[in-house]
Amino acid sequence: MNESMLDRLVSMENRYEELGHMLMDPDIGTDIKKMTDVTKEQASLQAAYDLFQEYKEVKDGIDGAKELMKENDPEIKEMAKMELDELEERMPDIIKKLELELIPKDPNDNKNVIMEIRGAAGGDEGNIFAGDLYRMYVKYAESQGWKVEVMEAEESEAGGFSLISFNVIGDGVYGKLKYESGSHRVQRVPKTETQGRVHTSTATVLVMPEMEEVDVQINKSDLRIDTYRASGAGGQHINKTDSAVRITHLPTGIVATSQDGRSQHDNRDKAMKALVARVYDYFQSQQTEAIDSERKSKVGTGDRAEKIRTYNYPQNRVTDHRIGLTIQQLDRIIEGKLDDIITALINEDQRLKLEGQK
């Protein structure tokens, strides 16, 4: 292990122990926000801290075994050799895990997300594919123990959605779904095709971390809130009152609506969550373009215009273009079995960060 890495680990260890002392201070109980922040920060350092303790223990064991190897007693030397071999075999794995723990973490990784899927090129088929993607993500969320709440839906007459916006709630949601932003392309024979020709259509996916209002500065005076009568399949049970809500952020023109909630209050909360996420995404995108317009991640920029994946039905093939991954199991993937793709994207992201390319 090099000195730079060791210095970072020592700093991390000192910070972890400092946070532990802060949590033992009786006064912290009177400041719930501070206690929550300290607890979260310490929890984020827990894995690296535990690994570093293991590293030091194994290193001490290796140093001790090397000293015993200098003894004249053959039995002691043999026992020391066995212990040294065992500990030296463990050490590379510990160092590799520590390297991964020291990769800068996205502070949004543990947040819930708001996803938007829109039918794009291909007319009705693009909308149908948007519905297929929504179903795929719902099934994946179920496999992860996450909860999905629809916030806004514009159903297509042919099936699927021209737009569907939904909240995914659970542990580490953004950390796994953030790589899904971009243009998804489908190649298949549409139901309306009479001559069996394969068509290409697209749907776009946007994944935004759910932000608290305190994380995004939004002045109440910058908002226009309108209520209207809910309509369509999502609002049939509440369409006798003006329960649907539309919130407009006047400085940016960003709009969020909700009509699927049980009440106007519920819809207002959902619309506000969507608006905060969209405003955050808007300013983050502008900042990224201003600071780093030329340098783009090989794993993806998150731009909805960027083609990230192709779903080829005739060949039962899914290809992720960012990492050159092809899997001949489209039938499983469209049923929400996304682990292989998401794991590969995470691993590539970590590799690039370790190499200092991100």
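Structure: above.
Each value, and the rule that gives it
- Residues numbered from 1 in each chain as written.
- Predicted model: local features only at pLDDT ≥ 70, side-chain atom pairs only at ≥ 80, totals over all residues.
- Heavy atoms only, no water.
- Helix = DSSP H or I, 4+ residues; strand = E, 2+ residues; numbered from the N terminus.
- Expected span 1.5 Å × (residues − 1).
- Buried < 20%, exposed > 50% of the residue type's maximum accessible area, 1.4 Å probe, protein only.
- Arc of directions from axis to C-beta.
- Contact = heavy atoms within 4.5 Å.
- Polar contact = N/O pair within 3.5 Å; in protein donor to acceptor, adjacent residues only side chain to side chain.
- Pairing = 2+ DSSP bridges.
- Axes fitted to C-alpha atoms, helices over the stretch in contact; angles between N-to-C directions.

Participant: Help me out: how do you make sense of helix α1 (residues 3–24) in this one?
Facilitator: Because an α-helix completes one turn every 3.6 residues, residues spaced three or four positions apart along the sequence face the same direction. Along its 22 residues, α1 runs 32 Å from first to last C-alpha, staying within 8% of the 32 Å computed at 1.5 Å per residue. Those residues of α1 that fall on the buried side of the exposure criterion are Met5, Leu9, Met12, Glu13, Tyr16, Leu19 and Gly20. The arc enclosing the buried residues of α1, seen along the axis, measures out at 125 degrees, which places them on a common side. Those residues of α1 that are exposed and aimed more than 90 degrees away from the buried face are Glu3 and His21. Against the buried residues of α1 lie α2 (32–68) and α3 (74–101). Between a side-chain oxygen at the N-terminus of α1 and the backbone nitrogen of Ser4 the separation is 3.3 Å; the capping residue is Asn2.

Participant: What exactly am I supposed to notice about the sheet that holds strand β2 (residues 147–155) here?
Facilitator: Hydrogen bonds along the backbone pair up the strands of a sheet, which may run parallel or antiparallel. Taken in spatial order, the eight strands of this open sheet run β2-β3-β1-β5-β4-β9-β10-β11, and their pairing is mixed. Bordering the open sheet on either side are β2 and β11 (325–327), each of which pairs with just one other strand. Ignoring which end each strand starts from, the neighbouring axes of this sheet average 15 degrees apart. Taken together, the seven bridges between strand β4 (residues 182–188) and strand β5 (residues 199–209) define a ladder with antiparallel strand orientation. In the sheet register, His184 faces β5, and the bridge partner there is Ala203.

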